[in-house]
Structures are given as structure tokens and as C-alpha cells.
Amino acid sequence: MPLFSIIIPVYKVEEYLPKCITSVLTQSFQDFEIILVDDGSPDNCPLICDEFAAKDPRIKVIHKLNGGLSEARNFGIKEAKGDYLLFLDSDDYWEGIDALHNLAATILLQSADVTLYGTKDVNLVTNTTVITRGNYNINALRKNKDTAIRSLIETKQFPGSAWVLAIKRDFLLHHSIFFETGIKAEDIDWLLHVFTHAKSIDAIQDPFYMYIKNRPGSITNTSDAKSVRDILFSVSKWRPILESNLTISN
């Protein structure tokens with residue numbers, strides 16, 4: 001079985017998808033599988049997925065009716081065979097060729113449930129790239145769970161997206177941690193679930209994840225009252241559970 005499964009939900013991103021997939025295939029560390037979940041995309045994405053899969057047996061394609069990002073990711077989790085899972089949005093990409101090499105070096109040494117990594121924002125409007133995370137206090141993260149979460153909160157590095165970490169597949173399945181369907185703040189809900197149950201947390205500083213901002217049609221390029229309600233739902237759902245397992249003060 002591969003060390004990594006990279007889950008890529010796909011929907012209406014034909015302009016960006018080839019670069020996304022290629023950024024994984026060109027990694028120097030090659031012990032991985034890619035799971036492309038075509039979420040009923042109406043453009044050329046299904047064909048692009050199949051063309052890549054025909055050229056590389058490590059690529060698996062799931063074609064399904066449109067059900068949203070959460071459902072697509074859940075399909076990927078259930079299909080994955082890797083020891084660790086990573087999520088990559090299909091309009092984003094990885095920079096450089098050593099992302100998985102650096103992750104593997106730390107994971108094989110520390111075996112943490114969760115391993116965070118750095119990110120950059122690529123703003124399509126201003127044509128600028130800014131490092132947004134990657135200055136972790138690794139000693140604090142490795143000390144214990146309480147110290148780790150306190151450090152992430154105090155340094156404003158507590159993750160808000162599922163694509164900023166590698167996570168043990170067995171850990172997810174043991175705790176039945178899947179994405180809540182029907183809400184827009186699915187990442188917040190999922191991450192609070194993850195950090196409630198995680199016993200060990202680690203990180204690498206490498207800001208290899210390139211997050212595309214201000215793409216026309218992007219889900220994160222819109223904001224509405226339902227998004228706010230969904231975030232409040234997730235926080236109210238997990239806060240008492242998280243606080244009961246931590247010594248972090250209010």
C-alpha cells in the first residue's frame with residue numbers, strides 16, 4: 001500500500017486541473033496514489049481525469065453524480081489505501097518537487113496523527129503570492145496535545161482548511177471522521193472533529209501548498225448568511241467536546 005493518498009475532488013476546473021495533477025505526479029517521492037473524484041463535472045474535467053489515469057496506474061478516478069465537496073471527499077476517503085491522506089483542491093497545486101519527500105521524512109520519524117505543512121496564497125487579482133503559514137513552533141506541537149493546540153491558536157496557525165495537513169487514514173476511520181454534508185463550512189466541522197480526537201500533532205515548515213484566491217466561480221469566492229450559520233453550528237457543536245478534552249482556558 002502507498003504511504004500517501006492524495007484526494008482531489010473535481011468540479012468545473014478544466015483550466016486548472018492539469019496543473020494540479022501534474023504538481024503531484026512530478027514529486028521526487030513517488031510512493032503515492034491519486035484519487036480523482038469527478039463530482040459530476042459538466043465540462044471537460046471527466047475526460048481530463050480519464051486521460052491522466054490512462055497514463056499512470058497510481059491514478060484512480062471516481063465518476064459520480066454531483067453531490068458537493070463534502071460528499072466527494074468522503075468518497076475519496078473510503079476509496080483511499082494510503083497510510084496518510086492529503087486533500088488537494090483541483091484549482092490549487094503544489095509548488096516544487098519535494099513536498100512529499102519532506103512530509104515522508106517527518107511522518108516516518110514521528111508518526112503523528114496529524115502533520116501540518118505550510119501554504120501560500122496566490123491572488124489572481126493582484127498577481128501576488130504570500131506565505132500564509134509555515135512558521136510553526138514544532139517543539140510545542142510535539143510536546144503534548146494541549147500545548148500543541150494552544151500554540152496553534154496563539155500563533156494564529158490553527159487550520160481552517162482540510163488541505164493544510166496530512167492525516168492517518170486509520171485514525172480517520174477509527175473515529176469515523178467524515179465531512180458533514182449539506183453545510184458550507186465543512187472544513188471547520190471536520191477539523192474540529194479531527195483535533196478533538198488527535199493524540200499527536202506535528203508539522204513541517206515547507207509552504208508548498210499553493211492556494212488560488214479570487215478565481216471566478218470558486219466556492220470560497222462567495223460569502224453568505226448560510227456560511228456564517230454553518231460556522232457557528234460547527235463551533236457550537238465541537239467547542240464543549242474539545243474543551244472537555246483539553247486544559248485550555250476560555
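Along each chain, residue indices are assigned from 1 in the same order as the chain's sequence is written. Selection of residues for local features in this predicted model requires a pLDDT of at least 70, selection of side-chain atom pairs for listing and counting requires 80 or more, and totals for whole chains, interfaces and linings are taken over all residues. As a convention, hydrogens and water are excluded, and side-chain values are obtained from all of the structure's heavy atoms.

J.: Can you lay out the state of the cysteines for me, pointing to particular residues and giving the numbers?
T.: The disulfide criterion is simple: two cysteine sulfur atoms within 2.5 Å. A complete count under the given rule lists 0 disulfides for this structure. In this structure C45 is not part of a disulfide, and its nearest cysteine sulfur, from C49, lies 6.2 Å away. On the basis of relative accessible area, C45 is assigned to the buried category, the value being 0%. Classification of residues uses two cut-offs on accessible area relative to the type maximum, computed with a 1.4 Å probe and protein chains only: under 20% is buried, over 50% is exposed, and between them is partly exposed.

J.: Before we move on, could you go through the pairing of strand β2 (residues 32–39) and cite the residues and values that matter?
T.: Only DSSP runs of H or I with at least four residues qualify as helices, and only runs of E with at least two residues qualify as strands; both kinds are numbered from the N terminus onward. Within β2, 8 of the 8 residues are buried, which leaves the element mostly enclosed by the surrounding structure. Here β2 shows two buried faces, one formed by F32, I34, L36 and D38 and the other by E33, I35, V37 and D39. Between any two strands, pairing holds if DSSP finds at least two bridges. Direction of pairing for strand β1 (residues 4–10) relative to β2: parallel, over a ladder of 7 bridges. Within β2, the residue paired with S5 across the bridge is E33. Here a crossover is taken to be right-handed if, once the strands point away from the viewer, the path from the first strand over the helix to the second is traced clockwise. Between β1 and its parallel partner β2, the chain crosses via helix α1 (residues 17–25), and the hand of that crossover is right-handed. Alignment of β2 against strand β3 (residues 59–64), held across 6 bridges, turns out to be parallel. Paired with V37 across the strands is I62, a residue of β3. For the crossover from β2 across helix α2 (residues 45–55) to β3, the handedness is right-handed.

J.: Could you give an account of helix α4 (residues 99–110), naming the residues involved and the relevant values?
T.: At 3.6 residues per turn, the α-helix brings residues three or four places apart onto the same side. With 12 residues, α4 extends 17 Å between its outermost C-alpha atoms, agreeing within 8% with the 16 Å of an ideal straight helix rising 1.5 Å per residue. Among all positions of α4, only A99, L100, L103, A104, T106 and I107 are buried. Remark: S111 follows α4 within two positions and exhibits a positive phi of approximately 55 degrees. In this scheme, a helix's expected span is set at 1.5 Å multiplied by one less than its residue total.

J.: An account of the environment of N144 is requested, with residue identities and associated values reported.
T.: By secondary structure assignment, the location of N144 is in the loop between α5 (138–143) and α6 (145–154). Residues N144 and K199, 55 residues apart in the sequence, show an inter-C-alpha distance of 8.0 Å. Pairs of N or O atoms are called polar contacts if they sit within 3.5 Å, as long as, within protein, a hydrogen donor faces a hydrogen acceptor (for residues adjacent in sequence, only side-chain-to-side-chain pairs). A polar atom in the side chain of N144 sits 2.8 Å from the backbone nitrogen of T147.

J.: Account for the sheet that holds β2, with residues named and values stated.
T.: With mixed pairing, the 7 strands of this open sheet are ordered in space as β3-β2-β1-β4-β9-β6-β10. Strand pairing shows two members of the sheet lacking a second neighbour, β3 and β10 (201–203), which therefore form its edges. Here the average twist between neighbouring strands, direction ignored, is 20 degrees. By the convention used here, residues are in contact when the closest approach between their heavy atoms is within 4.5 Å. Note on definitions: angles span 0 to 180 degrees between N-to-C directions of axes, and those axes are lines fitted to C-alpha atoms, for helices only across the stretch in contact. Its contacts with the sheet place α4 against β1, β2, β4 (84–87), β6 (114–116), β9 (165–168) and β10, and it is angled at close to 130 degrees to β1.

J.: Requested: an account of the side chain of D121, with residues and values cited.
T.: Mapped onto the secondary structure, D121 falls in strand β7 (residues 119–123). With relative accessibility at 17%, the residue D121 sits in the buried group. Those residues within four positions of D121 in sequence are excluded, and the remaining contacts are T128, T129, V130, T132, Y211 and K213.

J.: Any details on the sheet that holds β7? Residues and values, ideally.
T.: An order of β5-β11-β7-β8 is seen for the 4 strands of this open sheet, with the pairing classed as mixed. In this open sheet, the two strands that pair with only one neighbour each are β5 (93–94) and β8 (128–133).

J.: Could you give me a rundown of the packing of α1 against α2, with the residues and numbers involved?
T.: Close contact between α1 and α2 brings their axes to 10 Å; oriented N to C, the two are set at 25 degrees. Taken as axis vectors, α1 and α2 run roughly parallel relative to one another. Pair α1 / α2 crosses with right-handed handedness. Across the interface between the two elements, L17, P18, I21, T22 and L25 of α1 pack against C45, I48, C49 and F52 of α2. Throughout, the ten residues Ala, Val, Leu, Ile, Met, Phe, Trp, Tyr, Cys and Pro are labelled nonpolar, Asp, Glu, Lys and Arg are labelled charged, and all others, Gly among them, are labelled polar. Residue classes in the contact of α1 with α2 are distributed as 8 nonpolar, 1 polar and no charged. Here is the rule for angles: anything less than 35 degrees is roughly parallel, anything more than 145 is roughly antiparallel, 65 through 115 is roughly perpendicular, and the remaining ranges are oblique. Left-handed describes a crossing in which the near helix is turned anticlockwise from the far one by less than a right angle; the clockwise case is right-handed.

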